[in-house]
Amino acid sequence: MVKSIFSPITINQMTLRNRLVVPPMVTNYGTEKGEVTDRLITYLEARARGGFGLITLEATAVHPGGRGFQKQVGLWDDSQIPGLADLAAAIHRHGARLSVQLFHAGRQTYSAVLGTQSVSASAVPCPVCKEVPRELNLSGIKEIVRSFAKAAERARIAGADALEIHGAHGYLVNQFVSPYSNRRVDEYGGSLKNRMRFPLEVIAEVRKAVGADFPVIYRISARERVPGGLTLEENLVIARILSEAGIDAFHVSTGVYGSMPYIIPPYSLPEGLNVEDAHAIREATGLPVIVAGRITEVFMAESIVSTGKADMVAMGRASIVDPDLPRKAAAGAFDDIRPCISCNQGCIGGLLGPAMEMSCLVNPTVGKEKEFAVTPAPVKKKVMVVGAGPAGLEAARILAQRGHSVVLSDKSDRFGGQFRLAALPPEKQPLAKLIRWQADQAAKAGVTVKLGNEVTRQVVTDARPDTVVVATGGKPLIPRIPGADAPWVASAWDVLAGKAPTGQNVLIMGGGSVGCETADYLLHLEKRVTIVEMLGELARDVESTTRYFLLQRLNNLGANVVLNATIVEITRDGVIYERQGQRQELRGFDTLVAAFGTAPENSLVKDILGIVTEVYVIGDAEEPRRAIDAIRDAEKLATRI
Ligand code: SF4
């Protein structure tokens, strides 16, 4: 069924065993000196072992002034060669090939990372990073061109099989090419010929460094998606110029930091959003093309290659979630492939959040492959897992895989808990894939599932388990506000579940993720919706790329928003709130919906006191948290019991 993606392909002198590519994705698993670590090797080696044909090392800084992240790998110094050589050897052990992406952030970084001012084609700040970069003078340009060549040479010495020049996503090479960021009036600015001077010099010097027989790929954003940015039509001309300069293949993506949500498209954007652009570049240049951008399904990858839209498919986030995707696809075990749900909570949210490193909601073992290794349990136990949401399912599956005898119960007759509700608002349906996969894998691991089965003290007494894992989730939080427990107040969960009918004029109390997504859902049903929120902005708890589209939809669909409003009383048809010491009232609503948050639901713990010695509480049942944290808790616990 999937033959095309498993056919070999040759780029210059490099032959790949298949068309499946791990694209460069920043993990921040390196060191502050830009070295490759064992952790990074373990992470990438798992993808080589799992069958990907080409593994691309993430944005590898060619110059210390070109770093975008604190622990990003680099090749600006010979001391960085040995780590890369170890990585190349690890990748080669499994028959895959290693490409190294040569990167300079230009203005898309921070002085806090660099310890100095960033540089760019012009002194024009990036709208996201906001710092004014220093315009490179001619000797500065020459120095960076040389650093690309030196880094290329080091990559070849270390045993890399190919290079990728990062000319996309608004980084330095892109900054020179685009009039959006290049306002120079010398020979590096103005006309297309002048703006192309920098990338052409980089390509020429890299070629000199590695020779004609070494594959050099160029990553390009087919559209910048910002006002004044490069369009597809302009990039087709640019791609032709680059191909004449000796590029062997293109890696097609989209966007710059000013259009960041398109670079790593969340579930709000269509799958394979760059496929037609990649095809246009392939047609314009006649060169092989890799396409990236929300390609999560093997069958979509197969269709892209078999119809000649592109030659190779970058399955970035899909490879994060399941390193064994190619191996499973080749064996026809499609249902076993752990799904990427395009949530961006770990891969982007983790990188841009306090941890500043890549993680994954669906696969908590990412970057922790050794820590979370599933090994046989030293003592096999009888384990009862209560609650079949994502945390309970994850715990049950792993415990069973480790040899424990596991019974998973839930009082509901369905899997998923609150996470199932989270998959109901518009565009969030991919989330349901996780629950389907977890339930399927739990059954395959030998978990006995009892849905529609409420666990009580008596049930536990009769079953006599050695261990109980309480993953009973949460319940809607009812704050101490007069009227909050009134019978005419519906919970957002009941609205999403279709248990609470709503009128035409709805007030949602709470503008976090649940409140905003419920508003989105109701607006799609053509209701009038007002959101009242205590903080100064909506959906603060939503990952940034996802939030961008959520807020855009709320705005486009006409949500009325009242911010900085602390509700002090809930009335029969509205609320009284305080803002800046003033009391104000919102009234005239026919439905009031509470989205104040979640309270833990763990009453079972005290009910079974004294009858089971080993009781663990995970996920929202312990304390409300994000799904990514709940699943990670489950993994941590289940790999240790
Ligand atoms: Fe996919 Fe979400 Fe994991 Fe990112 S965090 S790789 S989007 S499942």
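Residues numbered from 1 in each chain as written. Predicted model: local features only at pLDDT ≥ 70, side-chain atom pairs only at ≥ 80, totals over all residues. Heavy atoms only, no water.

### Brief notes about helix α2 (residues 81-92)
Counted at 1.5 Å a residue, the expected span for α2 with its 12 residues is 16 Å, and the 16 Å between its end C-alpha atoms agrees. Of all the residues in α2, the buried ones are I81, G83, L84, L87, A88, A90 and I91. Contact partners of the buried residues in α2: α1 (38-49), β4 (54-61), β5 (97-103) and α4 (138-158). (Helix = DSSP H or I, 4+ residues; strand = E, 2+ residues; numbered from the N terminus. Expected span 1.5 Å × (residues − 1). Buried < 20%, exposed > 50% of the residue type's maximum accessible area, 1.4 Å probe, protein only. Contact = heavy atoms within 4.5 Å.)

### What about the UniProt feature "domain: NADH:flavin oxidoreductase/NADH oxidase N-terminal" (unreviewed entry) in the chain?
Under the present numbering, the feature "domain: NADH:flavin oxidoreductase/NADH oxidase N-terminal" (unreviewed entry) in UniProt falls on residues 5-332. Counting secondary structure, residues 5-332 comes out at 37% helix and 16% strand; the distance between its end C-alpha atoms is 13 Å. (UniProt positions renumbered as here; feature names shortened; annotations may be inferred.)

### Considering the sheet that holds strand β14 (residues 405-410)
If you trace the 5 strands from one edge of the open sheet to the other, you get β15-β14-β13-β16-β27, paired in parallel fashion. Strands with a single pairing partner mark the edges of an open sheet, and in this sheet they are β15 (448-451) and β27 (614-617). Strand-to-strand twist in this sheet, taken as the mean axis angle between neighbours without regard to direction, amounts to 15°. With 4 bridges connecting them, β14 and β15 associate as parallel partners. Of the residues in β15, the one forming a bridge with D410 is L451. (Pairing = 2+ DSSP bridges. Axes fitted to C-alpha atoms, helices over the stretch in contact; angles between N-to-C directions.)

### Quick look at the nonpolar core
Residues V100, F148, F198, V206, Y218 and F250 are the most contacted members of the largest nonpolar core, which totals 145 residues. Here this core gets 8 residues from one element, more than from any other, and that element is α4. When residues are assigned to domains, this core turns out to be shared by domain 1 (4-352) and domain 2 (382-476 + 600-638), each giving three or more. The contacts of Y218, once residues within four sequence positions are left out, are I165, G167, V173, V177, P199, I203, L242, I247, A249, F250 and H251. In terms of nonpolar packing, the next biggest core, distinct from the first, is built from 20 residues, A500, V506, L523 and A595 among them. (Core = buried A, V, L, I, M, F, W, Y, C linked by side-chain atoms within 4.5 Å. Domains from an automatic or database assignment.)

### So, the packing of helix α15 (residues 390-401) against helix α23 (residues 627-638)
Two elements in contact, α15 and α23, have axes whose closest approach is 8 Å; the angle formed by their N-to-C orientations is 25°. The angle between the axes of α15 and α23 places the two elements in the roughly parallel class. α15 and α23 meet at a crossing whose hand is right-handed. Two secondary-structure elements touch here, α15 through P390, A391, E394, A395, I398 and L399 and α23 through A630, I631, A634, E635 and A638. Broken down by class, the residue content of the contact of α15 with α23 amounts to 9 nonpolar, no polar and 2 charged. (Parallel < 35°, antiparallel > 145°, perpendicular 65-115°, else oblique. Left-handed = near helix turned anticlockwise from the far one by under 90°. Nonpolar A, V, L, I, M, F, W, Y, C, P; charged D, E, K, R; others polar.)

### Here we look at the pattern of salt bridges
In total, this model carries 38 salt bridges according to the counting rule given. When the shortest N-O distance is used, the salt bridge between R223 and D277 registers 2.7 Å. On the criterion of sequence distance, the pair formed by R223 in the loop between β9 (216-221) and α8 (232-244) and D277 in helix α10 (residues 275-285) is long-range, its members being 54 residues apart. Judged by relative accessible area, R223 falls into the partly exposed class, the value being 31%. (Salt bridge = Lys/Arg side-chain N within 4 Å of Asp/Glu carboxyl O.)

### Remarks on the environment of P265
Residue placement: P265 occurs in the loop between α9 (260-263) and α10. By relative accessible area, P265 is classed as buried at 1%. Put simply, P265 and A400 are 135 residues apart on the chain and 35 Å apart in space, counted from C-alpha to C-alpha. In contact with P265, other than residues within four places in its own chain, are L273, G293, R294, R317, S342 and N344.

### Quick look at unusual backbone geometry
Positive phi is not limited to glycine here, since H169 has a value of about 55°. Inspection of the secondary structure puts H169 in the loop between β8 (162-167) and α5 (172-177). H169 gets classed as buried once you look at its relative accessible area, which sits at 7%. In this model, M356 sits at a positive phi of 50°, which is unusual for a non-glycine residue. Inspection of the secondary structure puts M356 in the loop between α14 (349-352) and β13 (382-386). Judged by relative accessible area, which is 42%, M356 ranks as partly exposed.

### As for the sheet that holds strand β24 (residues 582-586)
The strand order across the open sheet formed by 3 strands is β22-β23-β24, and the pairing between neighbours is antiparallel. Lying at the two open borders of the sheet, with one neighbouring strand each, are β22 (566-570) and β24. Each adjacent strand pair in this sheet contributes to an overall mean axis angle of 30°, direction not counted. Relative to β24, strand β23 (residues 575-579) runs antiparallel, the two being bridged by 5 bridges.

### Notes on the side chain of T530
As for its position among the elements, T530 is in strand β20 (residues 528-532). Residue class for T530 comes out buried when judged on its relative accessible area of 6%. When neighbours within four sequence positions are excluded, T530 is seen to be in contact with V506, L507, I508, N560, V562 and F589.

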